[in-house]
Structure formats: structure tokens, C-alpha cells
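Coordinate analysis (summary)
Listed here are the chains, written in short residue letters.
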Amino acid sequence: MSNLMSTYLRLPVTFIKGEGVWLWDDRGDCYLDALSGIAVCGLGHSHPELTKALCEQVGMLIHTSNLYHIEKQELLAEKLVALSGMDKVFFCNSGAEANEAAIKLARLHGHNRGIELPTIIVMERSFHGRTMATLTATGNRKAQAGFEPLLAGFVRVPYDNLDAVAQIADSNKHVVAVLVETYQGEGGVNFPQINYLQGLRQLCDQHNWLLMLDEVQCGIGRTGKWFAFQHSDIMPDVMTLAKGLGSGVPIGACIAKSDAGDVFKPGNHASTFGGNPLACTAALTTLNVIEKDQLMQNAVQIGSFIQDRFREKLANWLDVIQIRGQGLMLGIELPVSGSELVKEALKHRLLINVTSEKVVRLLPALVMNQAEAEQVVDTASEIIGKFLANQTENVLTRNKSGPSN
């Protein structure tokens, strides 16, 4: 590890093999994976159909470049357009790149309309990536610190607050788009009110803005629909995807509707590796397996089971915690920082995550079954319960030992 830049606080484990929702480390110990590579491995690990398709593609062709037609890329674009109801796709390698493409598209769209300083409305607590543009769009000062000066052309409002967006419309004539995570992941597994997306769609239509949805984490069946916006009766102008699209093979996509899909012209934007035959094979196989094996239905059933079981197991703590989720995008918000729970879960051979300091985040593979889900809940609820009990005991101890009046 001494030759790697210190960009990660890595946990003390090295995984060498996986199957389904299980991982094995280099000592032979088995772990239950409730994070799936941060919403990436939707088919679980080493899915046989994905493995077969990738091996066959590697044996034929990995990469040519976008100087030429790529059959698998065209098939994948056709599939994504059919599933989303949108029109045009640009392929890249990651969620950050997909969001970068969306930002560039919005700016070019604005310039084409004669707007000299095209501005994008973004949200507090959001996360869109770590390139300079996506970092600026991200609503996390901790992630931005040290990388100033950030870019101009963004204005920030609270998430799930339509009034704040409307106020910007009244005061800023340079706005060309709204960029928002349909459901926030890194910001704490946050879900907006039912009318939020409809309200944003109305404001965008009223002011001729683009509605751009970041579905990098919540897309590709995770919430029980192909795309989270499909839980609402709206259609975005632009949508970004990555993570679960390639089941671990890097691929991102920026998808656009109608006129927005025609903004880019040859030479405006590009990607060397984006949409190569290997990545597109991974994505096509992923989509086909999700569809064939009804994994979105499974996400709804298992996600509901997990939430119900957590409410049973943590019933004594429901006055201080909040359990929320949609499909297999789940969060348990604690009253205090719970970062230590990640290492504690690792000791119990369970992989979880804590985001926004206080939210235990679960993003299991879409293939998880009920027995595996029950094991996740049993282990996690025991750890969380002991943690909350210790926190309460510590508070009582401090109160008793404090100075008397």
C-alpha cells in the first residue's frame, strides 16, 4: 500500500473471491455484502451469465475507440432509450463523467439560447462527483475543501424545497437547468416529498430550463423501477447513470430527451474508453438479467422485508432513529455519529456503510434473498442496538458525574 496515494481510509481486509452476496478474504473468511460495491454489483458477485458474456467478449474484442461504429454501444443505447422513454445517449466511464457531460450540455444549451453566463441550480447535501465541475455542483463543503477556487455558474438551494427554486427563478435570469439527485445517496439516503419532482418539472417548463436528474446511485432497478424518476409521473430532459449499469465494469451514461439530445455536435464532447465493446457487453447483460430474473420485483419485496424487520428489531429505538428506503436503497439515521459501526460490522463479517456521518446505508445486490436479508438485519440491528445503548449509558454517566447545583 505504500506506493498508493492516500486517498482512501481503507478497512483492514482484502477480498479475493465473491459469489452472489458473499465475499471471501485472503484468509478464507466469508462476509455478507450489504453494500455491493456502493450500489455497483446489482447482480451480485461473479454472476454466471455476466462472467460468460464478458469472457466471450474479451476473446473477441475489448476496445476500438469511438472513431468507428460500435455495435454493442448502439444496442445498449437502443435498450436504454426504450427503458427510459428518452432519445439520445452519450457513454463515458463513471458517474462523475456522466454528470460532467450533463453540465457541459446545459452550458452549451444556454449559450445556444444567447445566455452569456449559463447557471445551474444544484442542491445542498448533494453528491455529483469529484471532477472540478461536479465537485462544485456537489453540496458538501468537506469534499470541496482545499480545491478552491471552485467554478462559477452554480447556485445552491436546499434539497426538497420548491419555494427556494422558485425564488431563484425570480432573481436569476441566467439559469438554464436544475441538476438534482432523484434520491440522495451520499447526502444521507434522502427521499423527497411525493410532489417534489413534479414541482421541479413544472418550474423547468415554466422557465425553459432543463431538468437534469442524477440517477448514478438510485438508477438501474435499485428502487424497484428501472429509474427512480419512474416513481413519479414526470420525464426529465437529461438523466445520468453509472454504478449499477455495468455490474462492476466501468461505464457511465448521459441520456437526453428530445431537443436536449441534439445539443452536442461532433467535437463538442468525447470519451476515449466510453462505451467500448467490453463495457457495453457488461451493461447489456446486466439489463437483460435484471429483466429476465425480475430483480426489480425482488428489490421491492426484499427492501420492504428489511425495513419491516428493522422496525421490529429496533422498536425500542424508533423515537431516536429513522428507517427509510425505496427498494434496496436503505438508510437508518442515528441521533449521533455512527462511523464506528462500519468497523464493528466488519468484525461480524457484514459489510455496511455510514454516510453523512449519521446514516447507516445499505445497498444490497438486487439478487439478495430473504434468508440473506434476515441475516443482514439480525447482525446490523444487534450492532446498532448495542451502539445506541452505549451512547445512552455514556450520556447518563456524564450527567451523573457532572457538577451539582
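One structure accompanies this document, and this report is about it. (Residues numbered from 1 in each chain as written. Predicted model: local features only at pLDDT ≥ 70, side-chain atom pairs only at ≥ 80, totals over all residues. Heavy atoms only, no water.)

Focus: the pattern of salt bridges
Per the counting criterion, the structure on display carries 18 salt bridges. Note that Glu49 is salt-bridged to Lys292, the shortest N-O span being 3.0 Å. One end of the pair, Glu49, is in helix H2 (residues 48–60); the other, Lys292, is in helix H9 (residues 277–292), and 243 residues separate them in sequence. (Salt bridge = Lys/Arg side-chain N within 4 Å of Asp/Glu carboxyl O. Helix = DSSP H or I, 4+ residues; strand = E, 2+ residues; numbered from the N terminus.)

Considering the sheet that holds strand S8 (residues 210–214)
Strand order in the open sheet formed by seven strands is S4-S10-S9-S8-S7-S5-S6, and the pairing between neighbours is mixed. The open sheet has two edge strands with one neighbour each: strand S4 (88–92) and strand S6 (154–157). Each neighbouring strand pair of the sheet contributes to a mean axis angle of 20°, computed without reference to strand direction. Here strand S5 (residues 119–123) runs beside strand S7 (residues 175–181); their pairing, made up of three bridges, is parallel. Along S7, the bridge assignment pairs Thr119 with Val175. Docked against the sheet, helix H7 (residues 162–171) engages S5, S6 and S7, running at close to 145° with respect to S6. Across the sheet, helix H8 (residues 196–207) lies against S5, S7 and S8, angled at about 145° from S8, the strand it touches most. (Pairing = 2+ DSSP bridges. Axes fitted to C-alpha atoms, helices over the stretch in contact; angles between N-to-C directions. Contact = heavy atoms within 4.5 Å.)

Digging into the sheet that holds strand S15 (residues 359–362)
Taken in spatial order, the four strands line up as S11-S12-S15-S14 in an open sheet, and their pairing is antiparallel. On the outer flanks of this sheet lie strand S11 (322–326) and strand S14 (353–355), each paired with one strand and no other. Direction aside, neighbouring strands of the sheet carry axes that sit 25° apart on average. Its contacts with the sheet put helix H10 (residues 295–313) on S11, strand S12 (329–333) and S15, and the angle it makes with S11 is roughly 175°.

Description of the packing of H7 against H8
Between H7 and H8, the shortest axis-to-axis distance is 10 Å and the interhelical angle comes to 10°. Taken together, the axes of H7 and H8 lie roughly parallel to each other. Along its contact with H7, which presents Leu162, Val165, Ala166 and Ala169, the element H8 presents Tyr196, Gly199, Leu200, Leu203 and His207. For the contact of H7 with H8, a count of residues per class yields seven nonpolar, two polar and no charged. (Parallel < 35°, antiparallel > 145°, perpendicular 65-115°, else oblique. Nonpolar A, V, L, I, M, F, W, Y, C, P; charged D, E, K, R; others polar.)

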